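A look at the structure
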Amino acid sequence: MGKHVLVIEDEPNIIEAISFILSRDGWTVDTHSNGHDAVDVVLSKTPDLVILDVMLPGRSGYDILTDLRERPETAGLPVLMLTARGQNKDREMAERLGASRFMTKPFSNADVLEALRELVPA
Amino acid sequence: MPQGQLTGTRIRERRVRQGMRQADLAAQVGISASYLNLIEHNKRRIGGKLLVAIAHELSVEPAQLTEGAEAALIATLREARAAHSGAGAEQERAEEFAGRFPGWAEVLARSQRRAASLERTVETLTDRLTHDPHLAAALHEVLSTVTAIRSTAAILADTREIEPEWRDRFQRNINEDAARLAESAQSLVTYLDRAGEADGGEAAAPQEELDAFLAQIGWHVPELEDGQADVEALIAGAETLKSAPARALARAWLERYADEAAQLPARDLMRWCEDNAPDPGRVAREFGVSVPVAMRRIASLAADGPAGRIGMVSCDASGTLIFRKPVDGFAVPRFGAACPLWPLFAALSQPMTPIRQVVQQAARDGGRFLCYALALPQGAPDFDALPVLEAHMLIIPLEGGSEAQAAPAREVGVGCRICPRISCDARREPSILADGF
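Residues numbered from 1 in each chain as written. Chains lettered and ligands numbered in written order. Predicted model: local features only at pLDDT ≥ 70, side-chain atom pairs only at ≥ 80, totals over all residues.

What follows is about the overall build of chain A. A tally of helices and strands in chain A yields five helices and five strands. Shown N-terminal to C-terminal, the secondary structure of chain A runs as helices and strands in the order β-α-β-α-β-α-β-α-β-α. The proportion of buried residues among the 122 residues of chain A is 39%. Counting contacts in chain A only where the partners sit at least 6 residues apart, residues at least 24 apart contribute 57% of the total. (Helix = DSSP H or I, 4+ residues; strand = E, 2+ residues; numbered from the N terminus. Buried ≥ 20, exposed ≤ 12 C-beta atoms within 10 Å, placed from the backbone. Contact = placed C-beta atoms within 7 Å.)

Each partner contributes residues to the interface: chain B has 15 residues there, and chain A has 15 residues. When contributions to the side of chain B that touches chain A are tallied by element, the ones reaching two or more residues are α9 (133-158) and α10 (164-196) of chain B. Among the residues forming the side of chain B that touches chain A, the class breakdown is seven nonpolar, six polar and two charged. (Nonpolar A, V, L, I, M, F, W, Y, C, P; charged D, E, K, R; others polar.)

This part is about helix α1 (residues 7-17) of chain B. Residue and element names in this part refer to chain B. Among the eleven residues of α1, nine are classified as buried, and the element is accordingly described as predominantly covered. Every buried residue belonging to α1 is among T7, G8, T9, R10, I11, R12, E13, R14 and R15, and all of these are buried. Looking at the buried side of α1, the elements it contacts are α2 (22-29), α3 (33-40), α4 (48-57), α5 (62-66) and α7 (94-100).

In this section: the packing of helix α11 (residues 206-217) of chain B against helix α14 (residues 244-263) of chain B. Describing two packed helices takes the angle between their axes plus the distance from one axis to the other. Residue and element names in this part refer to chain B. At a minimum axis separation of 8 Å, α11 and α14 run at an interaxial angle of 50°. For the element pair α11 / α14, the angle class is oblique. In this structure, the crossing between α11 and α14 has a hand that is right-handed. Across the interface between the two elements, P206, Q207, E209, L210 and F213 from α11 touch P245, A246, L249, A250 and W253 from α14. (Axes fitted to C-alpha atoms, helices over the stretch in contact; angles between N-to-C directions. Parallel < 35°, antiparallel > 145°, perpendicular 65-115°, else oblique. Left-handed = near helix turned anticlockwise from the far one by under 90°.)

Residue and element names in this part refer to chain A. Strand order in the open sheet formed by five strands is β2-β1-β3-β4-β5, with parallel pairing between adjacent strands. In the strand order of this sheet, the two ends are held by β2 (28-32) and β5 (101-104), each with one partner. Ignoring which end each strand starts from, the neighbouring axes of this sheet average 20° apart. Relative to β5, strand β4 (residues 79-83) runs parallel, the two being bridged by four bridges. What sits directly across from M81, in β5, is F102. Each of β1 (4-8), β3 (49-53), β4 and β5 touches helix α5 (residues 109-119); the most contacted strand, β5, lies at about 175° to it. (Pairing = 2+ DSSP bridges.)

A few words on the nonpolar core. Grouped together as the largest cluster of nonpolar side chains are 65 residues, with contacts concentrated most on B:L344, B:M393, B:L394 and B:I395. Split by domain, the residues of this core number at least three in each of domain 3 (204-262) and domain 4 (309-437) of chain B. Those residues in contact with B:M393 that sit more than four places away from it in its chain are B:M312, B:V313, B:W342, B:P343, B:L344, B:A347, B:C371, B:Y372 and B:A373. A:V7, A:W27, A:L52 and B:A148 belong to the second largest nonpolar core, which has 42 residues in total. (Core = buried A, V, L, I, M, F, W, Y, C linked by C-beta atoms within 7 Å. Domains from an automatic or database assignment.)

Glancing now at the confidence of the model for chain B. Residues and elements named next belong to chain B. Residues with a pLDDT of 70 or more make up 89% of chain B, whose mean pLDDT is 82. Segment residues 198-203 is flagged for pLDDT under 50; beyond a separation of four residues in sequence, or across chains, it makes 13 contacts in the model. Predicted complex metrics record ipTM = 0.88 and pTM = 0.48. (pLDDT = per-residue confidence, 0-100.)

This part takes up helix α17 (residues 291-299) of chain B. Counting buried residues along α17(B), eight of its nine residues qualify, which places the element largely inside the surrounding structure. Within the span of α17(B), buried status applies to B:P292, B:V293, B:A294, B:M295, B:R296, B:R297, B:I298 and B:A299.

This brings us to the UniProt feature "modified residue: 4-aspartylphosphate" (unreviewed entry) in chain A. Residues and elements named next belong to chain A. When the UniProt feature table is mapped onto this chain numbering, "modified residue: 4-aspartylphosphate" (unreviewed entry) sits at D53. With respect to the secondary-structure elements, D53 resides in strand β3. For D53, a count of 25 C-beta atoms within 10 Å corresponds to the buried category. Once residues lying within four places of it in the same chain are set aside, the contact partners of D53 are I8, E9, D10, G61 and L82. (UniProt positions renumbered as here; feature names shortened; annotations may be inferred.)

All names here are of chain B. Taken in spatial order, the six strands of this open sheet run β2-β1-β5-β4-β3-β6, and their pairing is mixed. A single partner strand is all that each edge strand has here, and the edge strands are β2 (321-325) and β6 (410-412). Strand-to-strand twist across the sheet, computed as the mean angle between neighbouring axes with direction ignored, equals 30°. Pairing between strand β1 (residues 311-316) and β2: four bridges, direction antiparallel. Paired with M312 across the two strands is K325, which belongs to β2. Sheet contacts for α17: β1, β2, β4 (368-378) and β5 (388-397); angle to β5, the most-contacted strand, approximately 35°.

A word on the pairing of β4(B). Residue and element names in this part refer to chain B. Counting buried positions along β4 yields eight of eleven residues, so the element is predominantly enclosed. As judged from the ten bridges shared by β4 and β5, these two strands associate in the antiparallel manner. Of the residues in β5, the one forming a bridge with P377 is L389.

Residue A:P106 follows A:K105 across a cis peptide bond; omega there is 0°. With respect to the helices, strands and loops of the structure, A:P106 is situated in the loop between β5 and α5. Phi is positive for B:M352, which is not a glycine, with a value near 70°. Mapping B:M352 onto the fold places it in the loop between α18 (343-349) and β3 (355-361).

This paragraph deals with the environment of B:N42. Within the secondary structure, B:N42 is located in the loop between α3 and α4. Counting along the chain gives 32 residues from B:N42 to B:R10, while the straight-line C-alpha distance between them is 9.6 Å.

Here we come to the environment of B:V231. Residue and element names in this part refer to chain B. Here V231 lies in helix α13 (residues 231-236). A C-alpha to C-alpha distance of 6.4 Å links V231 and L254, two positions 23 residues apart in sequence. Once you skip the residues sitting within four places of it in the chain, V231 turns out to touch R251, L254, E255 and A258.

Another point: the pairing of β5(B). All names here are of chain B. Most of β5 is tucked away: seven of the ten residues are buried. For β1 and β5, the ladder comprises six bridges, and the chain directions are antiparallel. Looking at the pairing, S314 lines up with H392 of β5.

All names here are of chain B. Viewed as axis vectors pointing N to C, α2 and α3 meet at an angle of 105°, and their least axial separation amounts to 8 Å. With respect to their mutual orientation, α2 and α3 come out roughly perpendicular. Contacts between α2 and α3 involve Q22, A23, L25 and A26 from the first element and A33, L36 and N37 from the second. Residues that form the contact of α2 with α3 fall into these classes: five nonpolar, two polar and no charged.

Below you can see the structure in the form of structure tokens.
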């Protein structure tokens with residue numbers, strides 16, 4: 001069984017595309033589209049890595065990341081942040097809160113795959 | 001050089017422009033050429049009959065020689081010098097420059113006015129790009145859709161063997177996303193087109209619509225002063241109030257206006273302001289109204305009245321501006337937070353304490369403003385709940401020569417994003433001016 005990734009993103013066609021390419025690359029993919037209970041889903045699914053959008057309905061990705069970093073069981077979990085805002089202050093905010101990687105939309109499939117492979121080596 | 005001594009420079013400039021010799025002009029007005037020379041070099045004062053005679057010979061009004069047509073021009077030149085203080089322009093020679101080279105001075109003044117106008121445009125646009133939630137959401141929608149299309153298209157292009165059902169699904173997704181993208185882009189363009197229109201153009205958010213409406217009527221509603229106007233009719237006739245929430249905001253604003261106009265009629269207040277400074281504390285005591293009512297009534301007076309043009313801002317307990325009436329020289333941000341150094345926010349942190357302070361906005365035209373600020377709890381006291389504060393600040397331009405004009409002024413900004421005061425303890429984000437925008 002491959003590595004396990006949880007994609008937390010509210011755009012259904014992005015979820016579908018990412019799920020497809022990651023599945024083809026051997027990842028086991030779970031998806032979730034709501035920020036409100038995202039932390040609970042992370043805790044219950046126990047993924048090897050989380051792809052986390054910043055702008056989510058219910059709760060921002062920054063708040064979710066803060067929560068994850070405060071919990072011992074998820075403090076070291078690799079998190080790839082996705083955002084449509086590419087300003088330096090957004091990148092700095094993500095880094096300050098403990099994001100493992102920061103990627104700006106629109107990204108390429110190859111960039112996502114490469115980032116995941118670096119964050120969770122086989 | 002005092003302005004009064006520049007009459008000579010203007011006489012010389014006019015005479016030379018007309019190709020008249022100094023000796024000829026002197027002879028025509030019955031003085032010696034050497035005396036006219038002293039006058040022209042501002043070494044002798046001139047007035048009375050001699051001034052009238054010289055003006056007659058030069059075919060100009062005497063006032064044009066004594067006051068010059070360039071009072072506004074000189075003021076703009078001083079603004080230009082203030083904006084480039086390191087350039088070494090001699091402040092005391094601005095009037096002489098305007099008198100001797102009026103054409104070049106006008107070119108410089110126009111450039112200064114153009115630069116100020118462009119700076120305001122940059123402020124507005126930057127403010128919008130940074131803080132406008134509608135624009136941020138629209139751009140997020142566009143970028144998310146583009147991301148979905150890009151990822152899906154790459155799958156179709158790069159995946160050699162793809163199951164027909166997946167291929168069909170992705171093609172359908174791209175088709176849907178393309179339609180959505182077209183719609184989002186169209187919506188965005190429409191929104192930006194509206195935003196780019198003049199101040200009276202369509203606004204986007206309810207508060208913006210209300211602000212545009214109030215700016216259009218000049219924050220003054222003569223029809224409500226006599227208690228005869230129908231608020232609903234005023235709203236129905238307002239083209240700028242497009243949305244129902246904006247009309248609701250306008251209705252509340254106009255109803256309060258009518259109520260406060262009944263408490264303190266504009267004609268009484270204007271009469272009082274003819275002999276008194278528009279101090280809201282004194283107005284409140286004199287007419288038996290609350291200080292916020294006094295502030296709003298003063299700010300709602302017609303700009304050509306005895307109190308002149310007066311600005312006002314109000315904020316809720318979070319510091320969000322809920323009322324904006326800017327005044328020339330004191331800009332108020334249309335979006336996002338204002339400068340934390342404003343007395344308005346000092347008042348918010350010291351409820352019930354009246355604050356009076358002279359301020360000057362950095363990188364503006366140098367005007368000073370006397371601000372009166374006060375924060376008060378809203379609603380009736382409730383033993384089961386903490387009071388909710390609202391703060392108000394009246395902004396009164398200080399005219400030259402007034403006592404307060406000489407008082408030290410606190411330098412404040414408009415908002416951090418467009419503020420040139422780089423070293424400021426209150427700064428919350430970098431300034432585009434610091435980045436060499």
